[in-house]
Protein chains: 2
Amino acid sequence: MSTAADPLLAVHSTDASPDAAHQHDPAALALIKPRLLDAALIESVSDVFKLLGDPTRVRLLDALSHGERCVCDLAVLVGTTESAISHQLRLLRAARLVRVRRVGRMAYYTLDDHHVIGLLHDTRKHVEEGRS
Amino acid sequence: MSTAADPLLAVHSTDASPDAAHQHDPAALALIKPRLLDAALIESVSDVFKLLGDPTRVRLLDALSHGERCVCDLAVLVGTTESAISHQLRLLRAARLVRVRRVGRMAYYTLDDHHVIGLLHDTRKHVEEGRS
DNA sequence: TTGACATATGAACATATGTTCATATAATCA
DNA sequence: TGATTATATGAACATATGTTCATATGTCAA
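Remember, it's a predicted structure, so these values are computed and weren't measured experimentally.

Near DNA strand D you find 25 residues, and of these Thr56 and Gly104 of chain A together with Cys70, Cys72 and Ser83 of chain B are the closest. Put simply, the parts of the chain that give the surface near DNA strand D at least two residues each are α5 (82-94) of chain A together with α4 (71-78), α5 (82-94) and β3 (106-111) of chain B. The element contributing the most residues to the surface near DNA strand D is α5 of chain B, with 6 residues. Considered class by class, the residues forming the surface near DNA strand D number 8 nonpolar, 11 polar and 6 charged.

Structure (structure tokens):
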């Protein structure tokens, strides 16, 4: 899998499109535009990342990567209120990143998608590579 | 690489630790606690995800996944002001997710880390799998 | 039933965040 | 030089977001 190297050879043409203020490479734009992700997908994808973009939720998922845990234990591991944890788990549940199993008055949470562990791992790699 | 299956066999013991309000499985917690990611790494990882958690920036990265682009073309592809784009590119640059190459008064941006394409791809997969 | 417990949730508050507008920098051209 | 172009950036504003506190729901024990 090598990087897509698009032609960057187009000269600075005097553009004539009516809507755009100005464009450097109209030909390349026309080629790329239809290949971009559609609005709904963009929104969904960024929503998932938004969920991962909070320390408390990353801690939660990191804790859950070691196996199923109840809310009270997650609160201890994450170091926050059970209320705060519960609010966050609700969001993660809605996005199907975690799943509940209820036993009596306990609620046991697990990761519902093992892509998540991969995402955490890859991002960690990015961060660690940057510590030059 | 299979999922780590931790023992969940501990009985509901009457806990005696002084700081925690209550714990369900103290033995498992003691085992897991030292294996959790440290605070600084959690923060860095969630910061990267936070950057990916915005539609405009996902659009930017998606556009850049098709090759190097100048700011004005990115503005057209993303459908926003060049000012807004520039603000976002600044953030992405600071996180070393994109890189600039300056030619005259133009600024050409590229992805600086190809993990990012993988992250986008995997998250897209998660989203698409959920459309049941 | 009564009380204690585990979890869930709504409202409110403080903080963070993305865009807009104005302006700055820096390069190209007349 | 002066005008125009491409990008960058600061301040301000409106919106979004995470936690806290109070309370609700449902479970178990006595």
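What follows covers helix α3 (residues 55-64) of chain A. Most of α3 of chain A sits out of view: 8 of its 10 residues are buried. Along α3 of chain A, the positions that sit buried rather than exposed are Arg57, Val58, Arg59, Leu60, Leu61, Asp62, Ala63 and Leu64 of chain A.

Turning to its location among the elements, Val58 of chain B is positioned in helix α3 (residues 55-64). Residue classification places Val58 of chain B among the buried positions, given that 25 C-beta atoms sit within 10 Å. Beyond its immediate sequence surroundings of up to four residues, Val58 of chain B is in contact with Ile42, Val45 and Ser46 of chain A together with Leu52 of chain B.

Around DNA strand C, 25 residues are found, and the nearest of them are Cys70, Cys72 and Ser83 of chain A together with Thr56 and Gly104 of chain B. Elements represented by at least two residues in the surface near DNA strand C include exactly α4 (71-78), α5 and β3 (106-111) of chain A together with α5 of chain B. The leading source of residues in the surface near DNA strand C is α5 of chain A, at 6 residues. Class assignment for the residues of the surface near DNA strand C results in 8 nonpolar, 11 polar and 6 charged.

After a rotation of 180 degrees and a shift along the axis of 0.0 Å, chain A superposes on chain B with an RMSD of 0.0 Å. Here the copies are linked by what is in effect a two-fold axis. Both copies contact each other with a shared surface, as 100% of the interface residues of chain A are interface residues in chain B too.

Residue and element names in this part refer to chain B. Pairing is antiparallel in the open sheet, where 3 strands are placed in the order β1-β3-β2. Looking at which strands have only one partner, the edges of the open sheet turn out to be β1 (69-70) and β2 (98-103). Bridge analysis of β1 against β3 gives 2 bridges, and the strand direction is antiparallel. Its bridge partner lying in β3, Arg69 is registered against Tyr109. Those strands touched by α3 are β1, β2 and β3, and its axis lies near 90 degrees from that of β3.

Residue and element names in this part refer to chain A. In spatial order, the strands read β1-β3-β2; together these 3 strands make up an open sheet with antiparallel pairing. Taken across any chain shown, the strands that pair with only one partner, and hence form the sheet edges, are β1 (69-70) and β2 (98-103). Where β2 and β3 come together, 6 bridges link them in antiparallel fashion. From the neighbouring strand, Val103 faces β3, where its bridge partner is Met106.

What counts, and at which threshold
- Residues numbered from 1 in each chain as written.
- Chains lettered and ligands numbered in written order.
- Predicted model: local features only at pLDDT ≥ 70, side-chain atom pairs only at ≥ 80, totals over all residues.
- Near = placed C-beta within 6 Å.
- Helix = DSSP H or I, 4+ residues; strand = E, 2+ residues; numbered from the N terminus.
- Nonpolar A, V, L, I, M, F, W, Y, C, P; charged D, E, K, R; others polar.
- Buried ≥ 20, exposed ≤ 12 C-beta atoms within 10 Å, placed from the backbone.
- Contact = placed C-beta atoms within 7 Å.
- Least-squares fit on C-alpha atoms with pLDDT ≥ 70 in both.
- Pairing = 2+ DSSP bridges.
- Axes fitted to C-alpha atoms, helices over the stretch in contact; angles between N-to-C directions.

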